[in-house]
Amino acid sequence: MAMYCDTCKSDEEHRPLDAEEKAWLRHRTGRKNVEDVWVCMRPGCRNLRTGFDKRPFAGHIRLP
């Protein structure tokens, strides 16, 4: 799904997180629900956003 990426500054393809990535994000942020988080698929980016908020975290969070 194409959504705006705040770090790429353009519309990019995003995908939902898999189970391992969700566990990592829960541990990293303390959020209990991460079902609405998507990751940017542009090579080298991997920035996280929610479906409705392009900048849901205090700072940019990227998957390792």
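Whatever comes next refers back to the structure up there.
Residues numbered from 1 in each chain as written. Predicted model: local features only at pLDDT ≥ 70, side-chain atom pairs only at ≥ 80, totals over all residues. Heavy atoms only, no water.

**A closer look at the state of the cysteines**
Inference 1: Applying the stated criterion to the full structure yields zero disulfides.
Inference 2: Cysteine Cys 5 is unpaired, with the sulfur of Cys 45 as its nearest cysteine sulfur at 3.6 Å.
Inference 3: As a non-bridged cysteine, Cys 8 has Cys 45 as the owner of its nearest cysteine sulfur, 3.5 Å distant.
Inference 4: By relative accessible area, which is 17% here, Cys 8 ends up buried. (Disulfide = S-S within 2.5 Å. Buried < 20%, exposed > 50% of the residue type's maximum accessible area, 1.4 Å probe, protein only.)

**Focus on the side chain of Lys 22**
Inference 1: Within the fold, Lys 22 resides in helix H1 (residues 19–29).
Inference 2: Discounting residues that sit within four places of it in the chain, Lys 22 has contacts with Leu 17, Val 34 and Glu 35. (Helix = DSSP H or I, 4+ residues; strand = E, 2+ residues; numbered from the N terminus. Contact = heavy atoms within 4.5 Å.)

**Section: the environment of Val 39**
Inference 1: Along the polypeptide, Val 39 turns up in strand E3 (residues 37–40).
Inference 2: For Val 39, a relative accessible area of 1% translates into the label buried.
Inference 3: As for Val 39 and Pro 16, which are separated by 23 residues in sequence, their C-alpha atoms are 6.3 Å apart.

**A word on the pattern of salt bridges**
Inference 1: Tallying each qualifying case throughout the model produces eight salt bridges.
Inference 2: Linking Arg 42 and Glu 12 is a salt bridge whose minimum nitrogen-to-oxygen distance equals 3.7 Å. In this pair, Arg 42 sits in the loop between E3 and strand E4 (48–50) while Glu 12 sits in strand E2 (residues 10–16), placing the two residues 30 residues apart along the sequence.
Inference 3: Residue Arg 42 is classed as partly exposed on the basis of its relative accessible area, which comes to 38%.
Inference 4: Residues Asp 36 and Arg 31 are paired through a salt bridge, measuring 3.7 Å at the closest nitrogen-oxygen approach.
Inference 5: The network of salt bridges with common partners includes Asp 6, Lys 9 and Arg 55. (Salt bridge = Lys/Arg side-chain N within 4 Å of Asp/Glu carboxyl O.)

**Description of the sheet that holds E4**
Inference 1: Pairing is antiparallel across the open sheet formed by four strands, whose spatial order is E1-E2-E3-E4. The outermost strands of the open sheet, each flanked by one partner alone, are strand E1 (2–5) and E4. This sheet shows a mean twist of 55° between the axes of neighbouring strands, independent of strand direction.
Inference 2: Here E3 pairs with E4 via three bridges, running antiparallel. In the sheet register, Trp 38 faces E4, and the bridge partner there is Arg 49. (Pairing = 2+ DSSP bridges. Axes fitted to C-alpha atoms, helices over the stretch in contact; angles between N-to-C directions.)

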